[in-house]
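# Summary of structural features
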Amino acid sequence: MNNFNKMNENITDNKITKNKDLLKPANFEEAIESTGFGLFNFILILITILCSTANIFSSTSISYILPIAECDLKLTLLNKGALNAVTYAGMITSAIVWGYLADTQGRKKILVIGCLADAISSACCSLSQNFQMLIVFKFIEGFAANGPCAVLFTYLTEFHNAKNRPRLSMILGIIQSFANLLLPMLAWLILPQDWDFIIRGGFKVHSWQIFLFICGLPSLLSGVIFIVLPESPKFLMSQGRNTEALFVFQQIYAVNRRQSRDSYPIRQLIEEVPSRDSIHIPSAIFTVEGKSSKLNKSQKTTSFKQSLRDGWLQMRPMFHKPLLSRYLHVYVMLFALLLGLNSIRLWLPQLFASISKYEALHTDPSDSTDLCTILEFSVNKTQDVQSYTSDCSAYKNISMDMYLNNIIVAVIGLLGYFCAMFIIRVLGPKRLANYSLLVAALFGIGLYWSTDSLATLIISALFVNISSIATTSLNGLILTLFPTTLRTSVASLSMMFGRLGSLSGNLLFPIFMEYGCLPPFLMVSSMTIFASILSCLLPKETEFT
């Protein structure tokens, strides 16, 4: 009997202790852990697939139309490099703006506005009638697309706990590989079609314009869907908006656990910054309770000035020690890494098209099929714009091998990311990136000695996908090295420098091609080795949550 009473007392004590713990304010990790992992997370990942696909289409779709549209647009080799690079130029110019807005106004707003703006600019690209129009609209598209690109991964990670967060970088990599697989398949279905016609007034429409228009649809769907999703609870807590953050946690809990929001076990959140719950906040920012109120002019002005001041106070540590050296380290590393990766990745469709054309014209087995010979053939073929005739139909008759080779590269990438999901648990993101970059550098210079089309396909596929895995791994690691209030700005600026590398590489690659076969591949491999050395010097442990 005494033992039975003692058991009752222990159970009662445990319940009291548990209830007391629940009444204590919880931090973000405790709050997100209590929501569980379930249906909401799967829905979020599905929507991430759509948005990530839109991002890949924005930056890569232009590379698939270059062999098809070169006659219609009278493109030189340098024009092609400029079109590959101009999207990144737009992204670079908007990086600071999007990063600042995302860290002060919220992740969700940027995802909605950026995706919809990207869809509109993509539609404008599809209406282009010449090189000048296309390059202007691709710049605008890059400017718009950079917002969702910079915010998406941050938004995704801030809905997951510390246990699941490291895997998200590999999941995002798999999603991007899927998008890279979908793009050449879409190009295969659309670009070879005889869909050329003229609308009233001499407005020409070609299959490559229809392709660009369809590539903008994922952005449109993403922007519409993000309207109904909640704001990041981590962002809300960092802004002192705990009431809204708690409401979001309750929503996630209700969807994942199939229970009422009221049964969410946590009642309070710690105040990361002074709470704004007791202050009158405009409905444009504070929307959880569904309240709406009209703002007078003075309130709007005050809110905007306060937003600028808060934003500067948040970003000021970026320009002072000890964070400044770490920022510079990360930015230079990503510049070098993406210069090497995207110089090859965005030229692959043109490279495979040149291989197909060369092999169709040189059927003699004694003819050399090494990559340097084919590059020389491609350079000579596109040096003179006057060679383009009024009949451009012959330029659309590209062998299916071009599309098939790009599909094979994407499939290898998809398989590589599945393997990387298991390898990263053993090696960790830092060592995985270090080893991957060293191996990728060897493949980068190995392209110079490629002796046939099969060897070129294998080596280029391994270089692109190993470098991509290293980039994805580093992106996940980099965010943990900085405070929450600066992470989107860091992600945005990191992407800015990475895209500056992509822009530089795509402008330098065709210039180096004109000087010979070795210089472009030497540039790619040396930049990849340099990025590998810098990744080895990154801190091992995270210092911020």
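An unreviewed UniProt entry annotates the chain as Major facilitator superfamily (MFS) profile domain-containing protein originating from Glossina pallidipes. Of the comments in the UniProt record for the chain, the one headed Subcellular location (unreviewed entry) reads "Membrane".

## Focus: the environment of P192
As for its placement among the helices and strands, P192 is situated in the loop between α7 (165–190) and β1 (197–199). Sequence-wise, P192 and I398 are 206 residues apart; in three dimensions their C-alpha atoms are separated by 7.7 Å. Leave out the neighbours within four places in its chain, and P192 touches A187, M400 and Y403.

## Considerations on the nonpolar core
Ranked by internal contacts, the top residues of the largest apolar core, which has 58 residues, are I65, L134, L191, F211, I344, F509 and F521. Split by domain, this core shows at least three residues from each of two domains, domain 1 (20–271) and domain 2 (316–385 + 397–544). Every residue in contact with F211, bar those within four places of it in the chain, is listed here: S61, Y64, I65, L183, L186, A187, I190 and L191. L111, C115, F249 and Y253 belong to the second largest nonpolar core, which has 40 residues in total.

## Examining the environment of D194
Structurally, the position occupied by D194 is in the loop between α7 and β1. Sequence separation between D194 and H206 is 12 residues; the distance between their C-alpha atoms is 8.1 Å.

## Description of the packing of helix α14 (residues 348–361) against helix α16 (residues 401–446)
Look at α14 against α16: their axes get within 8 Å of each other, and the N-to-C directions meet at 135°. What the angle tells us is that α14 and α16 run oblique. Classified by chirality, the crossing of α16 by α14 is right-handed. Packed against α14, whose contacting residues are L348, P349, F352, A353 and S356, the element α16 presents D401, M402, N405, N406 and V409 at the interface. Of the residues that constitute the contact of α14 with α16, the class distribution is 6 nonpolar, 3 polar and 1 charged.

## Side note on the pattern of salt bridges
Tallied over the full model, the rule gives 4 salt bridges. A salt bridge links K80 to E70; its shortest N-O distance comes to 2.5 Å. Taken together, the positions of K80 in helix α4 (residues 77–105) and E70 in the loop between α3 (39–69) and α4 put the pair 10 residues apart, joining distant regions of the chain. What makes K80 buried here is its relative accessible area of 0%. For E158, the salt bridge identified is with R107, shortest N-O distance 2.8 Å. Note that E158 is positioned in the loop between α6 (131–157) and α7 and R107 in helix α5 (residues 107–125), a separation of 51 residues in sequence. Residue classification places R107 among the buried residues on the basis of a relative accessible area of 1%.

Cut-off values and rules
- Residues numbered from 1 in each chain as written.
- Predicted model: local features only at pLDDT ≥ 70, side-chain atom pairs only at ≥ 80, totals over all residues.
- Heavy atoms only, no water.
- UniProt positions renumbered as here; feature names shortened; annotations may be inferred.
- Helix = DSSP H or I, 4+ residues; strand = E, 2+ residues; numbered from the N terminus.
- Contact = heavy atoms within 4.5 Å.
- Core = buried A, V, L, I, M, F, W, Y, C linked by side-chain atoms within 4.5 Å.
- Buried < 20%, exposed > 50% of the residue type's maximum accessible area, 1.4 Å probe, protein only.
- Domains from an automatic or database assignment.
- Axes fitted to C-alpha atoms, helices over the stretch in contact; angles between N-to-C directions.
- Parallel < 35°, antiparallel > 145°, perpendicular 65-115°, else oblique.
- Left-handed = near helix turned anticlockwise from the far one by under 90°.
- Nonpolar A, V, L, I, M, F, W, Y, C, P; charged D, E, K, R; others polar.
- Salt bridge = Lys/Arg side-chain N within 4 Å of Asp/Glu carboxyl O.

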